[in-house]
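Descriptive analysis of the structure
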Amino acid sequence: MCFFKIIVNTATMFRQSIWVLCVLVISATCKQELNNKRFPQGFLFGTATSAYQIEGAWNEDGKGESNWDVFVHRVPSVIKNNETADVACDSYHKYKDDVAILKDMGVDHYRFSIAWTRVLPTGFVNEVNQAGVTYYKNLIRELKANNILPVVTMFHYDTPQTLENIGGFTNELIVDRFVEYAQFLFETFGDEVQYWATFNEPKQTCQGGYGIGTKAPGVLSPGIGEYLCAHNLIKAHAEVWHLYDKHYRHKQNGVVGITMDSFWAEPNSDSQEDQDAAERMRQFIYGWYANALVNGDYPEVMRKVIAERSAAQGFKKSRLPQFTEKQLQRIKGAVDYLGVNYYTTYMVKNQGDVPVVSGWQEDMQVETYQKDEWQRSSSAWLRVVPWGIRKLLNWLKTTYGDIPIFITENGVSDNATTHDDQIRIDYYQQHISNVRDALDDGVNVFGYTAWSLMNNFEWIKGYTEGFGLYHVDFSSANKTRTPKRSVEYFKKVLRTRCATDDCVDA
Ligand code: GBH
């Protein structure tokens, strides 16, 4: 543990000397804990972005409208400062600049997403937008020419509005539409792409989009819409995996995974109630999707709790939909790797008073908080808790066995104006060290991806929180990218393949 808090509390006449003392304590204690072993050969280090957050060109060259285009235009005030991602980082025009900075950093891979509406403007395969196809072909070609592996997310929250108009992921029709879209991607880009992820953080799409309405389309349907969305999304993922497995894997040699939100849930006490509450939270967040795909159904605790609460609320059936026998067989094992986006940790207590509202959040029956001594970032939900990633990785191993794990996002925010991001240097160093510890623990993790390559459109927070290694000047016509101080640190990791300055071979 590093005792950051001591510094904050030393506004006394001895400030200077105590400060110096504390810095010594901090560097001594922190250093001791850092893992200086090199990562194994073949371990992947890279950075990530997503289409809506960086591309801009929202209606250019034949792109169709997505639910995010509509969400930000329809009621501008849902986004901080009424911002949109109409232009964002302008990566649609500046992808060569993006690849140039990736190359300069020396990354092994770059994780980006394809905007469904840029390649299939209607959401259906009846119409292909050639300009959109060319854009991603160029991006992939440029990456490969620079020895950077493309890691492609098929869907990072941006549903075609044509499909959103008829319920988006709450309408089962989307399953076949998504499979057709994926097939189009395999046909068009599959020879060049070996790492696929179907969905980024389905909990955001479902609970954010159709539960509490903080993500597009902003629908409020807690406990109904959010579960229905997840149900269809899981089926869509599984069908895409089968499609790849049967028709593309033998010639394209890739893998198809899915990335989940993955907070670490730390029990607040040793009491059985709190231990159970923390485990319940992990199952409600990660297990909702992972248990279905690895073990073939929703986690037992979700099925039980939601069925009981539904009955008590007078519903005839559980609000959590049931898979048919045939569907259960299709989803079980339909995943090659589990993606992990880790940012922070929550302390978890059992919720004493059982809430009456029937949402996912309430069904979980937990109370959460973050400790005061955990360092803050510029995001209210994100405090720095590096040991959480190690615990999470170990939990994944215990819970899902040795299925490969890919850290598809890890990062911290600044105020989006600074270039002096010591917080990010420390954050990456401590998290990468903990990932190395997890390898020592025997966890089968094969890659680490820093979120994000550059500051970008941070959803409802607009441009007020910056997760980038690079700063972007959003007021300039050029959307100028400049390295923050953390870039030097990340470059060093990429060169030396370890978290510290004194790397040793394992
Ligand atoms: C990831 O989500 C996303 O994949 C990525 O697109 C995003 O840029 C990145 O994190 C940084 O946020 O704003 O108070 O309503 C991480 C999980 C879940 C964290 C939603 C923020 C919203 C908090 N996110 N949560 S709030």
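A short tour of the structure in this document, coming up. For clarity, every value in this text was computed on a predicted model and none was experimentally measured.

For the rest of this paragraph, the subject is the pairing of strand S7 (residues 338–342). The element S7 is largely enclosed, with a buried count of five among its five residues. Pairing between strand S5 (residues 255–261) and S7: four bridges, direction parallel. Considered in S7, the bridge of Thr-259 is made with Gly-339. Taken together, the five bridges between S7 and strand S12 (residues 405–410) define a ladder with parallel strand orientation. In the strand pairing of S12, Asn-341 is matched with Glu-409.

Our next topic: the site of the ligand. With respect to spatial proximity, 15 residues lie near the ligand, and among them Gln-53, His-156, Glu-201, Glu-458 and Trp-459 are the closest. The separation between an oxygen atom of the ligand and a polar side-chain atom of Glu-201 is 2.7 Å. One of the side-chain nitrogen or oxygen atoms of Tyr-343 is found 3.2 Å away from an oxygen atom of the ligand. The residue inventory of the shell around the ligand, partitioned by class, reads six nonpolar, five polar and four charged.

What follows is about the sheet that holds strand S3 (residues 149–155). Read around the closed barrel, the eight strands follow the order S1-S2-S3-S4-S5-S7-S12-S13; overall the barrel is parallel. Ignoring strand direction, the axes of neighbouring strands in this sheet form an average angle of 25 degrees. Across three bridges, strand S1 (residues 44–48) lies against strand S2 (residues 109–113) in parallel orientation. If you follow Ala-48 over to S2, its bridge partner there is Arg-111. Packing against the sheet, helix H16 (residues 387–400) makes contact with S7 and S12, and its axis sits at approximately 155 degrees to S7.

What counts and what doesn't
- Residues numbered from 1 in each chain as written.
- Predicted model: local features only at pLDDT ≥ 70, side-chain atom pairs only at ≥ 80, totals over all residues.
- Heavy atoms only, no water.
- Buried < 20%, exposed > 50% of the residue type's maximum accessible area, 1.4 Å probe, protein only.
- Helix = DSSP H or I, 4+ residues; strand = E, 2+ residues; numbered from the N terminus.
- Pairing = 2+ DSSP bridges.
- Near = heavy atom within 4 Å.
- Polar contact = N/O pair within 3.5 Å; in protein donor to acceptor, adjacent residues only side chain to side chain.
- Nonpolar A, V, L, I, M, F, W, Y, C, P; charged D, E, K, R; others polar.
- Axes fitted to C-alpha atoms, helices over the stretch in contact; angles between N-to-C directions.
- Contact = heavy atoms within 4.5 Å.

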